[in-house]
Each structure stands twice: as structure tokens, then as C-alpha cells.
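# A look at the structure
What follows is each chain in one-letter form.
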Amino acid sequence: MQQLDCDVPNTGAPAVRPRNLAAASLVVAFFLLVSLATLAIDRRYVYFSAYLWFGFAYGMCLQYGRFCMASASRDLFAAGVPRMAVGVLVALMFFSLIQATLASTNMSTFHPAPFGVHTLIAGLIFGVGMVLSGGCASGSLYKIGEGNMTSAVVAFFGLCIGQAVFVDVKWFDWMMPASWKATAAAKVAAGQLPADKVTSSFDTFLAGYVWDQPTIQLSHTKAVSAAMPGISKYFIADSLLCTLIPALVVLAVIYYFYSRKGFLKKRAKAKGGPTSFGDELSGIWNMITASKRTTIMGVIIGMVAGLHIYVIKGMQIRFGITNFAQLLTRMNNDGQIHLKPGEIGSWGTMFDPGYWYITSQEGQLGGWILEKFGWNMRDNIFFGVNNGLPDPWRNPALWMSIGIIFGAMVMARLSNEFKFKMPKGELWVWAFAGGMLMGLGSRPALGCNIGAFFIRVAGGDPSGWLYGAGMVGGAYFGVKFFNWWSDRKMAKEMAAF
């Protein structure tokens, strides 16, 4: 049975052990060497280095703040601890203000996603998976850096392989309505898609349904654009209406159900009388600042995510590109690299999110691994048309994931929290099954807890809240399942005794 981990960090500050300091220094030195060596070959490798170092920064922040959306939901439902959920909401609100600033100056790389019930369902599946595996997509990465092989490497492998298999098989054809198949076939007949790339159930889902759904960014809707033609629309619509107000409502709900009773009881006892509205506000503030470490990291993560967007957008302007595949093609033509067929999708694009993102690059890694075993992974829309299937060393988004792992490792070493832990017993099964479900839940929504929830909500896309609601609901059912499993297991052990 998976143990509850409330992710409460050590409060002390012991001296860094010499071997941990040496390990952390070695990682940083290696990354610096890689960055300098690639830049010496071609300055355009700065695109790779930017993703690498921002991933490194995310990893350090995630590990130090113990940021994990699986913990946020699980701790809330299983132990009544709101600390992590509050930290996530703080990061979300702060990042929304930065994102609005970037959008108002045309320095944002954000793009909304198709809105539909599929987003809610995908979030539900992902939420169950992250509880089973013991970590969300980002949490699994930073936990690898801590040495956790249970909810990290096993779940990470399941997430990679699960996505790759899901986008390339016909196992779900029985679920595809005839109208979706007809719409997908019409796009092929019109020359919008190559016939040899529309072969899987997921291809039918994308071409026959998802791409025809509306994309919504509140600042770009007709009503908002007419009422607020200036830059204020980004702050009022995207930040205030889509992020700040809903997040504050969620904070109030969490406070009411998980913190209010205990806080007011203590406050009334201290005052020797009834409490007031001011005490309610103090209670909410006390909940927010209950773990300064998590809250501060929430603010810093928001800053790092905003700076990441700004830097990537700046490089795209500097190099005159809109997608990394264009730069990679130039480097190939200049003889700096040697691209293989299919590394770039048939649309001339590859996965280049332009901001913090987790799952798609891991799906590419899973596809790359399966191809080594003879599985043709390029005959579908996901790899063959949109995202390409580059070698890992030519995948900047994957460099970001690697950076997250080693950034977390450095922080864990510096805080003496690194510990190698192998999975035991049934944890192998839970972690892998959870990783597979996270992979399955990330593809229909075109993102995970970061790309489909955190980034979208802060960018003014209400579909992010839809995914978040599904994710929290899935986590609730996952916790209930584990409670049932624990009771069942204990009952069997007692009967045997």
C-alpha cells in the first residue's frame, strides 16, 4: 500500500554534507560545460541551453517547495492538509499577472487549447493516475532527482510509453463516432492531412473532433475585445476574471472546509469571546502563510515561468522563427547537424511549447524508445504531422525535463534530502499503472497538470479550470480507492492472524 507523504520538508538547516556538495557542484559544472561546448559549436544552441537551464530552475523550485499537484489533492482529501493546494494557487495567481504583462507587450508564447468535455474527462483520468503513481507529471520528475525510484522512474516510464502507445494504436476505434471518422476522412480528402498519417484512434479523435472545437482566451473574445480594446483586457479578462477571482474562490472554499473551524476555535479561545470578520481574513492569511517555504516557492515558480516565456519569445524574434523546427532545419542546412527523416513533422513543425511543459516531450521519448524495438511511431498525427520524433539530444523540450531532474537533484543534495529509494512490492504496479493513466489522460487534453491546467488558466483559457476540476475529481476517487484497498488488505491480514 502506498504510504501517504504530506511532503513536509525539514525545518532545520544542517550543514551540507561534503559528498552532497561535491555531487551538486559536479552536476552544475557538467551543465555549464555542455552549454559552453554547444555554444562554441553554434550560437543557435542557446535555444537548447535556455530550455535546459529553465528546467534546472523549475527542478530546484519544485524540490525546495515540495511542489506536486498529486500531493496537493491527495493531502487535502486524505489528511485534510491544505498547504500544497494553497501553494499551487498562489503560484497560479502570481503567474497570471506576469503572463498578462507579457501578453500586453506581445512577448507571450501562450496559445489556448480546444475547449470541450474531453478536457474534463482527460483530467479525471490523469487525476486518478497521479494518485496511483504518487506524483504528478512535474512531481515525478523532481522526485527522480531526489532518488525516488517508486513514484518517479517507474511512473515516468509508464507515462512515456503510455502516451506513445495511445497515439499510435487502433484499440479505441469502437469508441469513435461515425461522424468523427467522416470528418477526419474529409480533411484527408481535402489535402489538409496526409492519408498515411491518419491511422490510429487518436488520429480520428484529433482530426474528427478536437480540432473542430473552439479555442477560448478571454482577452481575445469578441465581447472583451469590444469592451476593452487596450492592454487592460489581458489584466482584467485573462488574469482577474479567469485566474484571480476563481483562485480566490477556491482558496475560500479550502479555508472553509479544512482550516476555518480549527483556526476560529483557537482564536476565540485566545480572545475569550466571539470572532469577527477580521478573524476570518486572518484565518485565510494564516492558511496561506502556514508554510512560508511553499508559498514563497509558489511566487518564485510564477516568476521563473514568466521569464521562461519572455526568453523563448525573445529568441524566436532574434532568430526570426515561430517554431524550433525552423531553426533546426537551418542548422541542418548549414551542416551543424544531420537530421533524419521524420525528426520534424510533415507540417514542418516539432514540439516547441515556448513555456513550461512536461508530457509531450516525454511521449516523444517513449516513441523514440519503441522505435528502437521496431515499432513504427511516425505513421500518426502526433509524431508524424505535429510534433516530429527527434533524437533526444535534438529535443529542447526534453532538455527541459532533464534539467528539472538534475535541478531537483542539486537542491536535494544541498538540503541533504537526497536518498535513493527502490520500489517495494505492489508499488511497482501502482507506479507503472499510474504513469500509464497519466499518459492516457494527458493526450486528449493536449497537456497535463502543467500544460493543460497551470499554463492555460494563467493564460486566460477557461479550459484549464475544466481540466483542473477533472484532475481534482480523479484524485478524490484515487484516494477513495486507496482507502478501500488499505481497509481490504488490513481485513485480510487480520483474518489470517
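These figures come from a predicted structure and were not determined experimentally. (Residues numbered from 1 in each chain as written. Predicted model: local features only at pLDDT ≥ 70, side-chain atom pairs only at ≥ 80, totals over all residues. Heavy atoms only, no water.)

## Things to note about the environment of cysteine 242
- Tracing the chain through its elements places cysteine 242 in helix α11 (residues 232–271).
- In this structure cysteine 242 comes out as buried when scored by relative accessible area, which is 3%.
- If sequence neighbours within four positions are ignored, cysteine 242 has contacts with Leu218, Ala237, Val457, Gly460, Asp461, Pro462 and Trp465. (Helix = DSSP H or I, 4+ residues; strand = E, 2+ residues; numbered from the N terminus. Buried < 20%, exposed > 50% of the residue type's maximum accessible area, 1.4 Å probe, protein only. Contact = heavy atoms within 4.5 Å.)

## Brief notes about a nonpolar patch on the surface
- On the surface, a nonpolar cluster with roughly 1100 Å² of combined accessible area is contributed by Leu97, Ile231, Phe235, Ile236, Leu240, Leu241, Ile245, Val249, Val253, Tyr256, Phe257 and Tyr258.
- Checked against the element boundaries, valine 249 lands in helix α11. (Patch = residues over 30% accessible without salt bridge, like charges linked within 9 Å, V, L, I, M, F, W, Y side chains within 5 Å. Areas by Shrake-Rupley, 256 points an atom, 1.4 Å probe, with all protein chains shown as cover. Salt bridge = Lys/Arg side-chain N within 4 Å of Asp/Glu carboxyl O.)

## Things to note about the nonpolar core
- Counting residues in hydrophobic clusters, the biggest one holds 107 residues, and the most contacted among them are Phe126, Met130, Trp356, Phe453 and Phe454.
- Among the elements that take part in this core, helix α4 (residues 83–104) stands out by supplying 12 residues, more than any other.
- Once residues lying within four places of it in the same chain are set aside, the contact partners of phenylalanine 126 are Cys136, Ala137, Leu437, Met438, Gly441, Ser442, Cys448, Asn449, Tyr467 and Met471.
- In this structure, Met176, Ala207, Met377 and Ile381 belong to the second largest nonpolar core, which totals 23 residues. (Core = buried A, V, L, I, M, F, W, Y, C linked by side-chain atoms within 4.5 Å.)

## Focus: unusual backbone geometry
- A positive phi is found at arginine 66, a non-glycine position, where the angle reads about 55 degrees.
- One can find arginine 66 in the loop between α2 (46–65) and α3 (69–79).
- A positive phi is found at leucine 446, a non-glycine position, where the angle reads about 60 degrees.
- Secondary-structure assignment places leucine 446 in the loop between α18 (427–442) and α19 (449–458).
- A residue is classified by how much of its surface remains accessible, and leucine 446, at 23% relative accessible area, is partly exposed.

## Regarding the side chain of aspartate 461
- You can see aspartate 461 is positioned in the loop between α19 and α20 (463–496).
- One buried charge, aspartate 461, has no salt-bridge partner; the nearest side chain with opposite charge is arginine 456, at 4.5 Å.
- When neighbours within four sequence positions are excluded, aspartate 461 is seen to be in contact with Phe110, Pro112, Ala113, Ile216, Cys242 and Arg456. (Lys, Arg positive; Asp, Glu negative; His and termini not counted.)

## A few points about the pattern of salt bridges
- This model, assessed by the stated rule, comprises 12 salt bridges.
- The salt bridge partner of lysine 187 is aspartate 212, with a shortest N-O separation of 3.2 Å. In this pair, lysine 187 is assigned in helix α8 (residues 178–189) and aspartate 212 in the loop between α9 (201–208) and α10 (222–227), connecting sequence segments 25 residues apart.
- Overall, the relative accessible area of 46% leaves aspartate 212 in the partly exposed class.
- Overlapping salt bridges bring together Lys340, Glu343, Asp391 and Arg394 as one network.

## Let's talk about the environment of arginine 66
- Judged by relative accessible area, which is 11%, arginine 66 ranks as buried.
- Through-space distance from the C-alpha of arginine 66 to that of alanine 237 is 31 Å; in sequence the pair is 171 residues apart.

## Quick word on the state of the cysteines
- Considering all chains together, one arrives at zero disulfides under this definition.
- Not part of a disulfide, cysteine 61 finds its nearest cysteine sulfur in cysteine 136, a span of 15 Å.
- The closest cysteine sulfur to the non-disulfide-bonded cysteine 242 is located on cysteine 448, 18 Å from its own sulfur. (Disulfide = S-S within 2.5 Å.)

## Focus: the packing of helix α1 (residues 18–41) against α2
- Two elements in contact, α1 and α2, have axes whose closest approach is 9 Å; the angle formed by their N-to-C orientations is 165 degrees. Classified by the interaxial angle, the pair formed by α1 and α2 is roughly antiparallel. Note that α1 runs across α2; the crossing there is left-handed. Of α2, the residues touching α1 (which contributes Val27, Val28, Phe31, Leu32, Ser35, Thr38 and Leu39) are Val46, Ser49, Leu52, Trp53 and Phe56.
- When the residues that make up the contact of α1 with α2 are grouped by side-chain class, the tally is nine nonpolar, three polar and no charged. (Axes fitted to C-alpha atoms, helices over the stretch in contact; angles between N-to-C directions. Parallel < 35°, antiparallel > 145°, perpendicular 65-115°, else oblique. Left-handed = near helix turned anticlockwise from the far one by under 90°. Nonpolar A, V, L, I, M, F, W, Y, C, P; charged D, E, K, R; others polar.)

In short, geometric facts, not functional conclusions.
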